[in-house]
Amino acid sequence: MSSSASQLKNKSLPPKENALFKRILRCYEQKLYKNGLKFTKQILNNPLYGEHAETLAMKGLILNAIGRREEAYGYVRRGLRNDLKSHTCWHVYGLLQRSERKYDEAIKCYRNALKWDPTNLQILRELSIVQIHIRDLRGYRDTRNQLFSLKPAQRASWIGFAMAYHLLHDYKMANRILEDFRKTQNVRDAYDYENSELLLYQNSILEESGAYFEALTHLLSNEKYIYDKTTFLETLGRLHFRLSQPQHARSIFRKLVSSNPDNIEYYRGLEKAMEIEDLKDQKLELYKLYREKFPRSNLPRRLPLDCTTGDEFLSYLRPYMLSTFAKGVPPLFTDLRSLYSNQEKALAIENLVLSIIAELEESTNFHTDDMGVPAASKDFSIVNLTSKDSSTAPPASTLLWAYYYLAQHYDYFENTEAALSYVNKAIAHTPTLIELFTCKAKILKHVGDFEQAADVMDEARDLDTADRYLNSKSAKYHLRANRIETAANVCGKFTREGTNPVDYLNEMQCMWFQTECALAYQRTQEWGEALKKCHEVDRHFNEIVDDQYDFHTYCLRKMTLKSYVQLLRLEDVLRAHPFYFKAAKCAIEVYLHLYDNPLKDTSNDEQITTGGGTTSPGANGPGGTIVELSS
C-alpha cells in the first residue's frame, strides 16, 4: 500500500494533533476564525496529516465563514474525497450547502452523515431545522421521532415531536404526546410562565381538532396554572360559543369589556352572548351602561351610530361629533367612514356638519383657558353651541376641525372643488396646523395633480422637520410625481449620515420606498431601474423567510409555542403581502413590455451608424442590462 493511500485512510490523529483539532472546533464556535486557520495550518503542514479529511473540511468551513467561498468548497470536497465515510465531512458539506440556501442538498448531506453516525444529536437537530424550514413535515416528524428516542428526558424532544404531529394535523397524537409529557413534569408553585404557554398551546390543539368540550374541560381544570388571563378569557368565551353555550359566555365578556372598554370585539362578543345582536333597544341600553361606567371611553359613544337611523341617529351623532370637534380629533372621518355605506347616514352627517359650521361662524362666544387654547380638562360632551355660558361654550378650534372634516367628506365623494374650498378655509383659520396641509395634498393626489400634491406635502413637512412620518409622506408624494432624486434627498434627512440614502433604505428593507421607486421608474420608462427595485423587494422577502431559521430552535427553547405556529403559518402566506404584490405586478408589466417592445442594443446601433455589422437590434434579448438583471 502506498504512503499516500495510508494517509488518506488515516482518520485518527495522535494526541497532540487531536488537541489542536478540538481547538479548531472551539475557535469556529467562538468565531475566532484567524486562530482556527492557524491551528488547521499546523496540522496540515505535518506531512503525515496533510490530507487529513476532517481538518480539511474544518478549514473549508472556517474559510466559508470569512467569505472565501470558492476556497471553502475546494477544501471540503477534497476532504470528502479523502474520506467518504466521515460524518464530520458530510456534516460540514451540509453546513456549506445550507449557507448557500440549497436546503435540499443540505438534507442529502446530513442524511449521508447520519449513515456513518446515526445517533449524532447535533446533525439530527440541524436536519430537523432544515426540514421544518422548507416544510418537509413528514421528514421533520421522522427526525423528531429519532431525537425523541435518543433523548426522551429533554423537554425539547417532547415539544418538537408533538409539534410535528400538530403541523401534520394529527391532533390526537400531538395532544397525547403533550399529555404524557406533562405527567413527567413537577408543577412548580412559583410563577411558571413556560408551563402556562404549554397549556395554552395544548388547548389550541384541542380546539383546532374540533374537540371543543375536551378543550373547555382542559382549560377550566388548568386555570390556576395559566397566567395569561386575557388569552384565557378570550379562549374560554370562544369555546362556549362553539359549544352553543352563549349564556355561559356573558360573564366572561363582561370581564373582558371591563378590562379593555375600547376593544370592539369584546362588545360584539358580549352582544352575541346576550343574544341581542339584532335587538337595537337592548344594545343601546348596554352601550349606555358602559358610557356611564367608563365615561372616558370612546367606543360606547360610537357604537350606537351603527344601529340607529333617522332622528335617533342624529341624537347620538350630534353630541359625538361636537365632542370630537371640540377636543380636536383628526381621525374622526376615518372613525365614521364605515357609516358612509348607508347613503342616508352620509347625507345626515353632511347636513349636521354644515349646520354646526353655520352656527359656529355666527357665534362669538368661545371657551378658552388662560393661555388662549381649549381647556384640556373640559368635559366636551356638554358643549352647547348657542350657550352664553363660557363653561359650556365650544373652543375656538371647533370651527377649524369642522372645516377639516367637511373637506375629507367632500373628497370622499369626489367633490374636489368643495373639498379644496373647505380645506383652504381651515388653512386661513389656522395656517400652522400640519393636518390641514396633509389633507390638501391628499385631495390633490386624488384628482391626479401629483406635482402640486407633493409641493403641499412639502409645506406640511417644513412645519415640523423632526417628524419622520411627515418626511416619509413627503418622499412618497415626490415619488408619485416622478421626482425620484428629490424623494431620495428628503429621505436622506433621516438616514445614517455619510451614507447614500437609497442604499441605506435598501439595507433597512424600506419596501414602501422601493415599490414606489419601481413604479416611478416604470412611469418614466427606465426599465432597468424599475426591475432592479422589484428584485430588491423580492430579495427582502427571501431574507424574511431565511430570518425565521433561528426561531426554529429559539421558540422551542423559550416555549412560545402558539406564537411559533403563527409565525410558521404567516411565513407560508408571506408573499400575499401588498408590497410583494405591487413589486411582482410592476416586474411582470415591465417584462411583458420589453418582450413586446425589445430595447435596441446600443453597441449594435453604433456599428450600424459607423458602417459596421447589421445584426438585429434585439438579437441579444430585450437589452443587455435587463437580461443580466433577470438572470
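Criteria and cut-off values
Residues numbered from 1 in each chain as written. Predicted model: local features only at pLDDT ≥ 70, side-chain atom pairs only at ≥ 80, totals over all residues. Heavy atoms only, no water. Patch = residues over 30% accessible without salt bridge, like charges linked within 9 Å, V, L, I, M, F, W, Y side chains within 5 Å. Areas by Shrake-Rupley, 256 points an atom, 1.4 Å probe, with all protein chains shown as cover. Salt bridge = Lys/Arg side-chain N within 4 Å of Asp/Glu carboxyl O. Lys, Arg positive; Asp, Glu negative; His and termini not counted. Charge placed at Lys NZ, Arg CZ, Asp CG, Glu CD. Helix = DSSP H or I, 4+ residues; strand = E, 2+ residues; numbered from the N terminus. 1 Å grid on protein atoms, 1.4 Å probe; cavity = no way out; pocket = protein on both sides within 12 Å on 5 of 7 lines; lining within 4 Å. Points joined across faces, edges and corners; volume = space filled by probe spheres on them. Nonpolar A, V, L, I, M, F, W, Y, C, P; charged D, E, K, R; others polar. Expected span 1.5 Å × (residues − 1). Buried < 20%, exposed > 50% of the residue type's maximum accessible area, 1.4 Å probe, protein only. Polar contact = N/O pair within 3.5 Å; in protein donor to acceptor, adjacent residues only side chain to side chain. Contact = heavy atoms within 4.5 Å. Axes fitted to C-alpha atoms, helices over the stretch in contact; angles between N-to-C directions. Parallel < 35°, antiparallel > 145°, perpendicular 65-115°, else oblique. Left-handed = near helix turned anticlockwise from the far one by under 90°. pLDDT = per-residue confidence, 0-100. Core = buried A, V, L, I, M, F, W, Y, C linked by side-chain atoms within 4.5 Å.

K.L.:
Explain a positive patch on the surface here, please?
P.N.:
Side chains of K22, R23, R26 and K38 sit close together on the surface and give a patch of like positive charge. When residues of the positive patch are assigned to their parent elements, the largest contribution, 3 residues, is made by helix α2 (residues 15-29). Here K38 is to be found in helix α3 (residues 33-44).

K.L.:
Any chance you could explain the layout of surface pockets here in plain terms?
P.N.:
The rolling of a water-molecule-sized probe over the atoms marks out the regions of remaining empty space. In this structure, the largest pocket encloses a volume near 930 Å³. At the level of secondary structure, the elements contributing two or more residues to the lining of the largest pocket comprise α2, α4 (53-65), α6 (87-99), α8 (121-133) and α31 (527-547). Considered as a void within the structure, the second largest pocket measures approximately 500 Å³ in volume. The dominant element in the lining of the second largest pocket, judged by the number of residues it contributes, is helix α25 (residues 434-446), at 7 residues. Residue composition of the lining of the second largest pocket, grouped by class: 12 nonpolar, 4 polar and 6 charged.

K.L.:
What am I meant to see in α8 here?
P.N.:
The periodicity of an α-helix, 3.6 residues per turn, causes residues three or four positions apart to be oriented the same way. A rise of 1.5 Å per residue sets the reference length of α8, with its 13 residues, at 18 Å; its end C-alpha atoms lie 18 Å apart and thus fit the reference within 8%. Buried within α8 are the following residues: L121, I123, L124, E126, L127, S128, I129, V130, Q131, I132 and H133. Structurally, the start of α8 carries an N-cap: the backbone nitrogen of Q122 is 3.1 Å from a side-chain oxygen of N120.

K.L.:
Looking at this model, I keep getting lost on unusual backbone geometry. Mind explaining?
P.N.:
Comment: phi is negative for the bulk of residues other than glycine, and the bulk of peptide bonds are trans. You will see that K31, though not glycine, has its phi angle at about 60°, which is positive. Take K31: its relative accessible area is 60%, and that puts it in the exposed class. Phi is positive for Q525, which is not a glycine, with a value near 60°.

K.L.:
Can you walk me through the pattern of salt bridges in this structure?
P.N.:
When their charged atoms lie close together, side chains carrying opposite charge are able to pair. Applying the stated criterion across every chain yields a total of 25 salt bridges. For E516, the salt bridge is made with R480, and the minimal N-O distance between the two is 2.9 Å. Here E516 is found in helix α30 (residues 511-523), whereas its partner R480 is found in helix α27 (residues 468-480), with 36 residues between them in sequence. We classify R480 as partly exposed; its relative accessible area is 22%. R496 is the salt-bridge partner of E507, the closest N and O atoms lying 3.6 Å from each other. Taken together, the residues E507 in helix α29 (residues 501-507) and R496 in the loop between α28 (484-491) and α29 connect sequence positions 11 residues apart. R496 sits in the partly exposed class, given a relative accessible area of 41%. Look at the salt bridges and you will find they share partners, linking R268, E271, R302, D306 and D335 into a network.

K.L.:
What am I meant to see in the side chain of H166 here?
P.N.:
Tracing the sequence through the fold places H166 in helix α10 (residues 155-167). A residue is classified by how much of its surface remains accessible, and H166, at 1% relative accessible area, is buried. Apart from residues no more than four positions distant in its own chain, H166 is found in contact with Y171, A174, Y201, I205, E208, V565 and R569.

K.L.:
Would you explain empty space enclosed by the protein in this entry?
P.N.:
A full pass over the atoms with the stated rule returns 2 cavities of 30 Å³ or more. In this structure, the largest cavity spans a volume of roughly 50 Å³. Looking at the largest cavity, the residues that line it are T324, F325, V329, P330, L332, F333, W401, Y404, Y405 and Q408. Contributions of two or more residues to the lining of the largest cavity are made by α20 (310-327), α21 (332-336) and α23 (398-412). Top element by residues in the lining of the largest cavity is α23. It accounts for 4 residues. Its residues assigned to classes, the lining of the largest cavity shows 8 nonpolar, 2 polar and no charged.

K.L.:
In this structure, what is going on with the packing of helix α11 (residues 171-183) against helix α12 (residues 193-208)? I would like to understand it.
P.N.:
Between two packed helices, the angle of one axis relative to the other and the distance separating the axes together describe the packing. For the pair α11 and α12, interaxial distance at closest approach is 9 Å and the crossing angle is 155°. Regarding the angle of α11 to α12, the classification is roughly antiparallel. The handedness of the crossing between α11 and α12 is left-handed. Of the residues in α12, those touching α11 at Y171, A174, N175, L178, E179, F181 and R182 are L198, L199, Y201, Q202, I205, L206 and E208. Looking at the contact of α11 with α12 residue by residue, the classes come out as 9 nonpolar, 2 polar and 3 charged.

K.L.:
Just to check I follow, could you spell out the packing of helix α32 (residues 551-558) against helix α33 (residues 561-572) for this structure?
P.N.:
Orientation of α32 relative to α33, taken along the N-to-C sense of each, is 155°, at an axis distance of 8 Å. It follows that α32 is roughly antiparallel to α33 by the angle criterion. For the pair formed by α32 and α33, the contact residues are F551, H552, C555 and L556 on the first element and L561, Y564, L567 and L568 on the second. Residue composition of the contact of α32 with α33, grouped by class: 7 nonpolar, 1 polar and no charged.

K.L.:
Is there a simple way to explain the confidence of the model for the chain in this structure?
P.N.:
Caution applies to low-pLDDT regions: their predicted coordinates should not be interpreted in detail. On average, residues of the chain score 88 in pLDDT, and 88% of them reach the 70 mark or higher. Below a pLDDT of 50 lies the segment residues 1-10, which in the model reaches 8 contacts outside its immediate sequence neighbourhood of four places, other chains included.

K.L.:
Please explain the environment of D538 as it appears in this structure.
P.N.:
Considering the arrangement of structural elements, one finds D538 in helix α31. The class of D538 is partly exposed, set by a relative accessible area of 26%. With 46 residues separating them along the chain, D538 and A584 place their C-alpha atoms 8.1 Å apart. Each residue touching D538, except ones within four places of it in the same chain, is listed here: R575 and Y580.

K.L.:
So what exactly am I meant to see when it comes to the nonpolar core here?
P.N.:
Proteins that are soluble and globular tend to have nonpolar side chains buried together. With 52 residues, the main nonpolar core has M321, F325, L336, I349, V353 and Y405 as its most contacted residues. Those elements giving two or more residues to this core turn out to be α20, α21, α22 (343-362), α23, α24 (416-429), α25, α26 (450-463) and α27. With 10 residues, α23 is the single largest residue contributor to this core. I24, Y93, Y110 and L114 belong to the second largest nonpolar core, which has 44 residues in total.

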